[in-house]
Amino acid sequence: MKLGILFSGGKDSNYALFKTAQKHNIVCLISLISENKESYMFQSCGNEFLKLQAKALNLPLIEVKTKGEKETELKDLKKAIKLAIKKYGIEGIVSGAIKSNYQSLRIQNICNDLDIYSINPLWQTDEKNYLNELLKNKFEIMIIQIASYPFTKNMLGKIIDEKTKTELINTSDKYSISCVGEGGEFETFVLNSPLFQKKLQIISSEKIMESENGGYLQIKEMELIKK
Amino acid sequence: MKNNNNDNNCKIILIIDTSYEKNSIFKDEFCMPITNIINQIPSFEYEIKHFSEKINYKKYDKIIIAGSSLKDFEYLNHLNKFEFIKTINIPILGICAGIQILAKVHGTNLKKCKEIEITKTITTKQNKLFEGEFDTYSIHNYSINCPKEFEKLAKSKKGIHAIKHKNKEIYGVLFHPEIKNKEIIETFINL
């Protein structure tokens with residue numbers, strides 16, 4: 001089956017890609033570039049470097065701009081998927097949805113309207129097992145945005161390794177939040193995965209804080225290097 | 001596939017994967033959420049089998065027939081694989097594709113009913129699994145006509161949402177309790 005993937009550059013879409021690529025042919029990445037940081041459907045941090053990830057994956061990237069408002073966002077998503085059907089003949093869409101009924105039902109509706117498959121390989125996955133799987137498969141994941149107590153500036157730019165994984169699990173147990181950021185507690189950017197032919201390296205960046213528990217890593221320069 | 005419970009007295013729940021082929025990408029999406037619930041219930045473990053496999057039904061305590069993708073109706077071409085439903089005496093819960101299979105095996109047809117949304121499900125007959133009105137996670141294009149051996153347990157504005165066999169512990173739900181109404185699965189397993 002030829003498939004496109006809704007791609008944000010974060011761990012969920014990259015892991016959904018990794019899992020699906022073991023069984024099907026992923027032919028393009030589809031990304032909505034949201035101008036709204038509070039996007040209902042799409043991660044909005046780190047979009048400017050998606051092209052580098054696409055290059056690392058050796059896959060074409062369809063980018064469609066959206067204002068990121070609740071329902072126009074869905075029209076823009078449908079437009080992007082239609083483009084992928086026309087250009088690459090995709091028969092289905094893969095998403096990295098884990099728990100969000102809002103996100104999942106809207107993607108299911110669009111796929112149903114367009115008569116293509118909706119595939120959600122991480123749906124309802126056990127979050128702690130998922131973190132273990134990411135590390136076992138040697139994903140290099142950086143936390144690039146935080147939006148929740150008790151996360152502070154020192155989380156920005158951290159790589160999710162064994163130590164950070166334990167910190168995320170302990171924090172989620174203590175404060176009843178998601179250890180994979182499913183509630184928007186944090187966002188990630190993938191620097192390396194088993195499917196990357198080259199890996200990404202940040203040359204310069206700056207931590208921008210908007211409140212004590214809200215901020216992002218502004219990546220200024222990034223390059224592809226040999227793995 | 002089994003959970004980590006080493007208790008020899010564990011009862012086994014069979015989950016039947018209804019997706020178009022064995023070990024398809026949809027197995028994770030439609031069977032694994034059910035396994036997450038079984039893993040939390042002491043003294044139960046599970047096995048997942050695709051409908052195309054040879055299955056010794058006698059070894060299982062209960063059977064859950066899982067759902068499948070909105071566009072996948074391959075199971076309707078293999079209804080002979082589900083004829084066992086008529087002859088065994090083990091509690092069965094059919095989810096989404098599962099309720100459609102229950103209806104087709106008992107001779108009734110599917111009925112156009114698009115609900116890809118959080119739906120209001122209304123109980124119409126008292127039963128062991130649920131009561132009252134409640135929100136459900138629905139992704140289907142078809143509901144069913146109720147077979148004569150079954151009775152209706154619940155409905156939405158658009159169609160039948162749950163049925164039960166009149167003489168056996170065989171249930172069908174059109175919505176996905178493994179997503180939004182996990183207690184229904186727990187209650188079924190503990191029947």
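Caption draft 1: A look at the overall build of chain B. Helix and strand content of chain B: 5 helices and 9 strands. Seen along its three principal axes, the alpha-carbon backbone of chain B occupies a region of about 45 × 35 × 30 Å. For chain B, buried positions account for 47% of its 191 residues. Summarising the internal contacts of chain B: among those between residues at least 6 apart in sequence, 72% fall at separations of at least 24.

Caption draft 2: Inspection of the overall build of chain A at higher detail. Scanning chain A for helices and strands turns up 6 helices and 9 strands. Against the compact-globule benchmark of 17 Å for 227 residues, chain A has a radius of gyration of 17 Å, which places it among compact chains. The principal-axis extents of the C-alpha atoms in chain A amount to approximately 45 × 40 × 30 Å. The burial tally for chain A puts 45% of its 227 residues in the buried class. Taking the intrachain contacts of chain A between residues at least 6 apart in sequence as the baseline, contacts between residues at least 24 apart amount to 70%.

Caption draft 3: Up close: the packing of helix α3 (residues 72-88) of chain A against helix α4 (residues 101-114) of chain A. All names here are of chain A. Between α3 and α4, whose axes approach to 11 Å, the crossing angle comes to 45°. Judged on the interaxial angle alone, α4 and α3 are oblique. Judged by the twist between their axes, the crossing of α3 over α4 is right-handed. In contact with Leu74, Leu77, Lys78, Ile81, Lys82 and Ile85 of α3, α4 contributes Arg106, Ile110 and Leu114.

Caption draft 4: Seen up close, the interface of chain A and chain B. With 16 residues of chain A in contact, the opposing surface of chain B contributes 15 residues. Of all the secondary-structure elements, those providing two or more residues to the side of chain A that touches chain B are α4 and β5 (117-119) of chain A. At 5 residues, α4 of chain A tops the list of elements feeding residues into the side of chain A that touches chain B.

Caption draft 5: Up close: helix α2 (residues 50-57) of chain A. Residue and element names in this part refer to chain A. Turning to α2, its buried residues number three or more, namely Gln53, Ala56 and Leu57. Looking down the long axis of α2, one finds its buried residues gathered within 95° of arc, a one-sided arrangement. Next to the buried residues of α2 lie β7 (186-192), β8 (199-211) and β9 (214-225). Positive phi appears at Asn58, one or two residues downstream of α2, with a value of about 55°.

Caption draft 6: Just the sheet that holds β9 of chain A, in detail. Residues and elements named next belong to chain A. One open sheet accounts for 4 strands, arranged β7-β6-β9-β8; its pairing is antiparallel. Two strands bound the open sheet, and with one partner strand each, they are β7 and β8. When the angles between neighbouring strand axes are averaged without regard to direction, this sheet yields 20°. Pairing between β8 and β9: 11 bridges, direction antiparallel. Within β9, the residue paired with Lys199 across the bridge is Ile225.

Caption draft 7: Representation of helix α5 (residues 182-189) of chain B within the structure. Residues Ile184, Ile185, Phe188 and Ile189 of chain B constitute the buried set of α5 of chain B. Down the axis, α5 of chain B shows its buried residues gathered within 135° of arc, on one side only.

Caption draft 8: Representation of the domain arrangement of chain A in the model. Residue and element names in this part refer to chain A. According to the domain assignment, chain A consists of domain 1 (2-119) and domain 2 (136-225). In this structure, domain 1 and domain 2 have C-alpha centres spaced 20 Å apart. Taken together, the contact between domain 1 and domain 2 spans 20 residues of the former and 23 residues of the latter. Elements with a contribution of two residues or more to the side of domain 1 that touches domain 2: α1 (11-21) and α2. Here the side of domain 1 that touches domain 2 takes 6 residues from α1, the largest share from any one element. Residues belonging to the side of domain 1 that touches domain 2 are distributed by class as follows: 10 nonpolar, 7 polar and 3 charged.

Caption draft 9: Main features of the sheet that holds strand β2 (residues 44-50) of chain B. Strands sit in the order β2-β1-β3-β4-β9-β8-β7-β5-β6 (chain B) across an open sheet of 9 strands; the sheet is mixed. Looking along the sheet, the strands with just one partner apiece sit at the ends: β2 and β6 (133-144) of chain B. Across the sheet, the axes of successive neighbouring strands diverge by a mean angle of 20°, strand direction being ignored. Relative to strand β3 (residues 62-65) of chain B, strand β1 (residues 11-17) of chain B runs parallel, the two being bridged by 4 bridges. Considered in β3 of chain B, the bridge of Leu14 of chain B is made with Ile63 of chain B. Taken strand by strand, α4 of chain A contacts β5 (110-123) and β6 of chain B, and its axis lies near 165° from that of β5 of chain B.

Calculation notes
Residues numbered from 1 in each chain as written. Chains lettered and ligands numbered in written order. Predicted model: local features only at pLDDT ≥ 70, side-chain atom pairs only at ≥ 80, totals over all residues. Helix = DSSP H or I, 4+ residues; strand = E, 2+ residues; numbered from the N terminus. Buried ≥ 20, exposed ≤ 12 C-beta atoms within 10 Å, placed from the backbone. Contact = placed C-beta atoms within 7 Å. Rg over C-alpha atoms; globule rule 2.2 N^0.38 Å. Axes fitted to C-alpha atoms, helices over the stretch in contact; angles between N-to-C directions. Parallel < 35°, antiparallel > 145°, perpendicular 65-115°, else oblique. Left-handed = near helix turned anticlockwise from the far one by under 90°. Arc of directions from axis to C-beta. Pairing = 2+ DSSP bridges. Domains from an automatic or database assignment. Nonpolar A, V, L, I, M, F, W, Y, C, P; charged D, E, K, R; others polar.

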